[in-house]
Amino acid sequence: VYIRKHPLEIPPPSEKDWLKDDEEDFFLQDPDRKRDALPQPFRMINKLVMLVFENAMEIIERREMLREAQKLKVQPTKCFPTAEFQVTGRANCLAVSGKYIFVGLSVGLSAFKVSDCKEVCAWDAVKTEICAIRALDLGNECHVLLAVDEMGLVWLFCFHKESFILIKILNEVEDISRRSTCVEVVLSPGGDYAGVLLQGNTKAWLEIYRLPKDSWLKEMEKSPGAAAGLACRERRSSWTSADIFLLQESPVSANKADAKLSLPVLLLKVKPPKPITGSSFKSPLDALKKVDDDSMLGLGYNHLIKDSQWDQQEAIFCSTYRDYLEAEGERESKEEIPRHATFHFLLPSWILQVGPEMKAQPGVPAGISVHWDGSHNFCLYLLNRPLKEKVDSDPKPDVVWPCAAPIACSAVSSCSRYLALACEDATITIWDKHLGYPLSVTAILEERLIRSIYFL
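Residues numbered from 1 in each chain as written. Predicted model: local features only at pLDDT ≥ 70, side-chain atom pairs only at ≥ 80, totals over all residues. Heavy atoms only, no water.

## Here we look at the pattern of salt bridges
A side chain with one charge may pair with a side chain of the opposite charge, provided their charged atoms come close. All told, the structure shown has five salt bridges when counted by the stated rule. Of the charged contacts, one joins R90 and E129 as a salt bridge, the two residues approaching to 2.4 Å between their closest N and O atoms. Of this pair, R90 sits in the loop between α2 (42-72) and β1 (91-97) while E129 sits in the loop between β4 (119-123) and β5 (130-139), and the two are 39 residues apart along the sequence. Classification of R90 as partly exposed rests on a relative accessible area of 46%. Residues K127 and D124 are paired through a salt bridge, measuring 3.6 Å at the closest nitrogen-oxygen approach. (Salt bridge = Lys/Arg side-chain N within 4 Å of Asp/Glu carboxyl O. Helix = DSSP H or I, 4+ residues; strand = E, 2+ residues; numbered from the N terminus. Buried < 20%, exposed > 50% of the residue type's maximum accessible area, 1.4 Å probe, protein only.)

Structure, rendered in structure tokens:
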């Protein structure tokens, strides 16, 4: 009997018997071996085709998932125009007031009814291009309009019973060299005041006008024929060429009669704040005399800095920052660009206390808030002040709020209770004007510059 010395073992497979990657599952794919394996290079082509097919299926599945997710989102409502306005020339701007739409054209103004979108009146006496419009409903079929033309002139109109009545050009001057251009116009809620921001060659200022709207309503009720001069300017759809030529002369004579309405009154003229300069006192004694509260002893000469010390400090500063001073000198040599201001009309509140001699009316602004570009101060001016024969050219603000950084932009809520201030250091402060204290202070990361801010 033959007996093995070692137990029976399975011999290890040789390399030639190893299965390749593409042949591991051959017995599952083709157990009867009816299909022969593809030779090269067909197997490579087969792999590439299958890879392209799998990638295409992945892209299709991904797009289907995105399409299904998009269907679950709320789709925005698509709005289509319901009517068209046929205007003469080019339409630059529009404003809605009551049941009328006022359109600024390249040749004047037009008024349309909201109900049927038909033109009811037009003003083209001067053939000037209107670039901006502000309109407000005063009631009793009367509307006030502020229109800014291409030359920067501000036209004040009263629209009464489907007729334009020119009241005044607010910034018109006889000397053309002293002409100022309008940057922004704002009508207060209710139409009691109008603010006009003007710019000259090297300066800018803000003018606040009081609009006698009650007088306008009474004057138009007493003399209804004052506005009848423009009544002939009816819908242009029924005009003929001869009518157009003849009717162009009527607005001029009507505008001369329109001067019977009361003119607006200039209430405030606010200029940018002056730069901070040194004191005009020659000695500490002069400053102490101005204080005069008997709380100081001595003359203060021991604390006086000598002129030689100032000269030495200035020389050190100029030698250290010579490059910066040269660049700053070139910048100052150029003409100064007029500054821009942002202003809002404010209702009465704790921070805008009206004196006992003036009564605050509900819904009528009690003051304005103004901040100039690059300024840290938020200035508040009262509007309920007695009229003067000569307007103060540089009135002092009644309330000043200093901020840690220059104010970039501001906004007032529709109820006029909340005020938002955004500074250049990317901090937003919400103030409650009725209570007089801040509600929240938010700092935006990465110190981004805030361009505009709004209440929703």
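## Quick notes on helix α3 (residues 213-222)
The set of residues buried in α3 consists of K213, W216, L217 and M220. An end-on view of α3 places all buried positions within 95° of arc, on one side of the element. For α3, the exposed residues lying more than 90 degrees away from the buried face are K218 and K222. Where α3 is buried, its residues contact β5, β6 (142-149), β7 (154-160) and β8 (164-169). (Arc of directions from axis to C-beta. Contact = heavy atoms within 4.5 Å.)

## Focus on the sheet that holds strand β20 (residues 437-443)
Strand order in the open sheet made by the four strands is β17-β18-β19-β20, with antiparallel pairing throughout. In this open sheet, the two edge strands, each paired with only one partner strand, are β17 (407-412) and β20. The average undirected angle you get between the axes of adjacent strands in this sheet is 15°. Inspection of the sheet shows strand β19 (residues 427-432) paired to β20 by six bridges, in the antiparallel sense. (Pairing = 2+ DSSP bridges. Axes fitted to C-alpha atoms, helices over the stretch in contact; angles between N-to-C directions.)

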